[in-house]
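Each chain, letter by letter, is given below.
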Amino acid sequence: MKTVLHIINWINIRGSERICFNTAKYSPKYKHVFVAHTIGCKNALENFEKYGKVVILPEVTPLSFEYIGILDLIKSEDIDIVHLYLPGDDLPPYVLSIKVPIILTILCTKYCNFKRPPQMKYVVASSKYAASLSPHLNPLVVPAGVEKVEPKLTREDFFKEVLPGISTHVKIVSRIGALEPLKHPLDFIKVANLLKDDQSLIFVMAGIGEESYLNYLKSQVASPNFRFLGKVSEDTKSEILDKSSVYLYPTEFEAFGFSVVEPMSHGCPVISYQNTAMPEVIGDSGILVPTNDISALVKATTSISGNESKRSILSLLSKDRWGSLYQCQTYANTITSLYENCHI
């Protein structure tokens, strides 16, 4: 049985964490060891213990890319393959000293400013867009798998628990994810404000961000048909996506887009901006509009929420696209085939 060491090497690790987690979960014939150097990564890795061994190394400066004991760990755990998850930019210096085969997964929309060392046998990108930013690394495009959490609540119980006081007859327009300027949550609020007189809609936003920015976002809400839920559990997120009629996610930068594939798995049509990886990820299952075009977002939202036939067609297309392209087992099968062929 080969042993794979997974190294999550970035302070913002949500995408890396999920890809790493699903790779291990769906490839049980390998032994997995997980290690990371930021506090956020360490907290995330607590969920990984059922699928492998978690090793906590001494804390270092998060962005210094210095690992204490990483080479010793490779020896002591008899590591066969190192799977490294990077956002781009520079290659951590310790990587050049690794003697076993390396697979690199690049996730973010950044140029990888390094040459591919000989022991780096494969470079994997989660989208054509991400791969196009570092063509000199010759990345393989392997779309990430996104696991669907099955909903459990009826619509009536959902409204009682999550949206008390709201009629079950309204249509939900939702947005769940990081609340930061790059993800344009303010544009979601602007759409809600422009449609504030439409009593058939309720806009639901959930996520976390810097407190000052969250306070600013809340101050911009002018619609009575708006609910901010803050951080929600995976189960609650699943219920929201399952009950939503539209998923409105205008964003400026996505290397892949977990936040748009999740609603697709529930058959919820996605509206987003036509940039970065969004066209290739969403395809014809949703609606893409020009970046920063608020009026186009409003038009797209009402064109789905006000037309059940159109919504049903996009719902089926969303589910089919998720089922054919973004299955965790499919992703893991591709990655494990690389593991099998990974030799110095």
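Below, the structure is looked at part by part. (Residues numbered from 1 in each chain as written. Predicted model: local features only at pLDDT ≥ 70, side-chain atom pairs only at ≥ 80, totals over all residues. Heavy atoms only, no water.)

Within the protein chain one finds 13 helices and 13 strands. For the protein chain, the spread of C-alpha atoms along the three principal axes comes to 65 × 35 × 35 Å. By the burial criterion, 55% of the 344 residues in the protein chain qualify as buried. Within the protein chain, contacts between residues at least 6 apart in sequence are counted, and of these 63% link residues at least 24 apart. Surface exposure of the protein chain reaches about 14800 Å², of which carbon and sulfur atoms provide 53%. Here the protein chain contributes 35 positively and 35 negatively charged side chains, and the mean placements of these two sets differ by 3 Å. (Helix = DSSP H or I, 4+ residues; strand = E, 2+ residues; numbered from the N terminus. Buried < 20%, exposed > 50% of the residue type's maximum accessible area, 1.4 Å probe, protein only. Contact = heavy atoms within 4.5 Å. Areas by Shrake-Rupley, 256 points an atom, 1.4 Å probe, with all protein chains shown as cover. Lys, Arg positive; Asp, Glu negative; His and termini not counted. Charge placed at Lys NZ, Arg CZ, Asp CG, Glu CD.)

L163, F256, V260 and V261 are the most contacted members of the largest nonpolar core, which has 51 residues in total. With 30 residues, the next largest nonpolar core counts L57, L86, M120 and A125 among its residues. (Core = buried A, V, L, I, M, F, W, Y, C linked by side-chain atoms within 4.5 Å.)

This part covers the pattern of salt bridges. Here the idea is simple: oppositely charged side chains can pair when their charged atoms come close. As enumerated under the stated definition, the model contains eleven salt bridges in all. Note that K29 is salt-bridged to E340, the shortest N-O span being 3.9 Å. Of the two residues, K29 sits in the loop between α1 (14–25) and β2 (31–36) while E340 sits in helix α13 (residues 328–340), which places them 311 residues apart along the sequence. Classification of E340 by relative accessible area gives partly exposed; the value is 38%. Residue E239 pairs with K243 through a salt bridge whose shortest N-O separation is 2.7 Å. One end of the pair, E239, and the other, K243, are both in helix α8 (residues 234–243), four residues apart, so they sit about a helical turn from each other. The network of salt bridges with shared partners includes R18, E234, K237 and E262. (Salt bridge = Lys/Arg side-chain N within 4 Å of Asp/Glu carboxyl O.)

The next subject is the environment of K31. Residue position: K31 is located in strand β2. On a C-alpha basis, the gap between K31 and K53 in space is 8.4 Å, while along the polypeptide they are 22 residues apart. Those residues in contact with K31 that sit more than four places away from it in its chain are M1, K2, T3, V4 and E77.

Take the sheet that holds strand β12 (residues 270–273) next. Across the sheet, which stays open at both edges, the six strands sit in the order β10-β9-β8-β11-β12-β13 with parallel pairing between neighbours. Each edge of the open sheet is held by one strand with a lone partner, namely β10 (226–230) and β13 (287–289). Ignoring strand direction, the axes of neighbouring strands in this sheet form an average angle of 20°. (Pairing = 2+ DSSP bridges. Axes fitted to C-alpha atoms, helices over the stretch in contact; angles between N-to-C directions.)

Look at helix α6 (residues 185–194) against helix α7 (residues 211–219): their axes get within 10 Å of each other, and the N-to-C directions meet at 15°. Relative to α7, the element α6 is oriented roughly parallel. Considering only the axes of α6 and α7, their crossing is right-handed. Between α6, through P185, L186 and I189, and α7, the contact on the second element is made entirely by Y213, Y216 and L217. Taken together, the residues that form the contact of α6 with α7 break down as six nonpolar, no polar and no charged. (Parallel < 35°, antiparallel > 145°, perpendicular 65-115°, else oblique. Left-handed = near helix turned anticlockwise from the far one by under 90°. Nonpolar A, V, L, I, M, F, W, Y, C, P; charged D, E, K, R; others polar.)

Moving on, we get to helix α11 (residues 294–305). Look at α11: 16 Å from first C-alpha to last across twelve residues, which is about the 16 Å you get at 1.5 Å a residue. Turning to α11, its buried residues number three or more, namely I294, A296, L297, V298, A300, T301, I304 and S305. (Expected span 1.5 Å × (residues − 1).)

The subject of this paragraph is the side chain of R321. With respect to the helices and strands, the residue R321 is situated in helix α12 (residues 308–325). Buried charged residue R321 carries no salt bridge. Nearest counter-charge: D284, at 4.6 Å. A polar side-chain atom of R321 sits 3.3 Å from the main-chain carbonyl oxygen of I282. Ignoring sequence-local partners within four residues, the contact set of R321 consists of M264, E280, V281, I282, G283, S285 and Y326. (Polar contact = N/O pair within 3.5 Å; in protein donor to acceptor, adjacent residues only side chain to side chain.)

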